Amino acid sequence: MMRQRVQWNHVLTKCLWILALISLMCLWLGIPEWMAQIADRLAGDLVQRALGAKIYSSLEFFENRFQEVFKILFLMCVLGLIYFYVACYSRRWNGIRCLIFRVGIGFVGVNVLLAGLIHTGLFWGIVDPR
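The rules behind the values
- Residues numbered from 1 in each chain as written.
- Predicted model: local features only at pLDDT ≥ 70, side-chain atom pairs only at ≥ 80, totals over all residues.
- Heavy atoms only, no water.
- Helix = DSSP H or I, 4+ residues; strand = E, 2+ residues; numbered from the N terminus.
- Buried < 20%, exposed > 50% of the residue type's maximum accessible area, 1.4 Å probe, protein only.
- Areas by Shrake-Rupley, 256 points an atom, 1.4 Å probe, with all protein chains shown as cover.
- Phe/Tyr/Trp six-rings, centres within 6.5 Å; stacked < 30°, edge-to-face > 60°.
- Contact = heavy atoms within 4.5 Å.
- Axes fitted to C-alpha atoms, helices over the stretch in contact; angles between N-to-C directions.
- Parallel < 35°, antiparallel > 145°, perpendicular 65-115°, else oblique.
- Nonpolar A, V, L, I, M, F, W, Y, C, P; charged D, E, K, R; others polar.
- Salt bridge = Lys/Arg side-chain N within 4 Å of Asp/Glu carboxyl O.

Caption draft 1: Representation of the overall build of the protein chain. Helix and strand counts for the protein chain come out as five helices and zero strands. Put simply, the protein chain runs from its N terminus to its C terminus through helices and strands in the order α-α-α-α-α. For the protein chain, the spread of C-alpha atoms along the principal axes amounts to about 60 × 40 × 25 Å. Per-residue burial for the protein chain yields a buried fraction of 23% across its 130 residues. When the accessible surface of the protein chain is split by element, carbon and sulfur atoms take 68% of a total near 10000 Å².

Caption draft 2: Quick look at the packing of aromatic side chains. For the coordinates displayed, the defined rule picks out two aromatic pairs. Geometrically, the ring pair formed by Phe61 and Phe62 is edge-to-face, given 5.8 Å between the ring centres and 65° between the ring planes.

Caption draft 3: Just the environment of Leu73, in detail. Considering the arrangement of structural elements, one finds Leu73 in helix α3 (residues 58-90). Judged by its relative accessible area of 29%, Leu73 is partly exposed. Separated by 51 residues in the primary sequence, Leu73 and Ile22 place their C-alpha atoms 9.5 Å from one another. Aside from chain neighbours lying at most four places away, what touches Leu73 is Leu19 and Ser23.

Caption draft 4: Expanded view of the packing of α3 against helix α4 (residues 96-117). Relative orientation of the contacting elements α3 and α4 amounts to 170°, with a least axis distance of 10 Å. Of the possible angle classes, the one that applies to α3 and α4 is roughly antiparallel. Across the interface between the two elements, Ile72, Leu75, Met76, Leu79, Tyr83, Val86, Ala87, Tyr89 and Ser90 from α3 touch Cys98, Phe101, Arg102, Ile105, Gly106, Gly109, Val112, Leu113, Gly116 and Leu117 from α4. Tallied by class, residues from the contact of α3 with α4 come to 14 nonpolar, four polar and one charged.

Caption draft 5: Summary view of the pattern of salt bridges. For the coordinates displayed, the defined rule picks out one salt bridge. Among the ionic pairs, Arg65 bridges to Glu68, the shortest N-O distance being 3.0 Å. Of this pair, Arg65 and Glu68 both sit in helix α3, three residues apart, which is roughly one turn of that helix. Using a relative accessible area of 11% as the deciding quantity, one classes Glu68 as buried.

Caption draft 6: View of the side chain of Thr13. Within the secondary structure layout, Thr13 lies in helix α1 (residues 8-29). Residue classification places Thr13 among the buried positions, given a relative accessible area of 10%. Those residues in contact with Thr13 that lie beyond four places of it in its chain are Leu81 and Phe84.

Caption draft 7: Representation of the environment of Gly95 in the model. Within the secondary structure, Gly95 is located in the loop between α3 and α4. As a C-alpha pair, Gly95 and Lys54 span 41 residues in sequence and 53 Å in three-dimensional space.

Caption draft 8: Structural view of the environment of Cys88. Take Cys88: it is sitting in helix α3. On the accessibility criterion, Cys88 (35% relative accessible area) is partly exposed. Sequence separation between Cys88 and Glu33 is 55 residues, and the spatial gap between their C-alpha atoms is 38 Å.

Structure follows, in structure tokens:
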């Protein structure tokens, strides 16, 4: 009996493609608005009392946070896909050149992710939870 070896890079890239497409479809279909309405019905008054004058409407607050979640998920999936495809390309080189190339791509990816995250309320809520 011959066993086939699973190539986890291919499995992970397929999962990242699926997650990226799902997050785009959710944004396109209006799933964050739907989720915001449910969250507003369940915890809208609690959030309004907790945040007070910092927010205008709890429905808009929830809608913006859910949209941010799907946008961040999409950005992370795209950056992960770029990293894996570049890593496959860098296998052609040997030794330190491959390592430097991968570290450089990882550094650029983390900076792009942080540049996308600093424009969201979720990031600043995690960084400065007052």
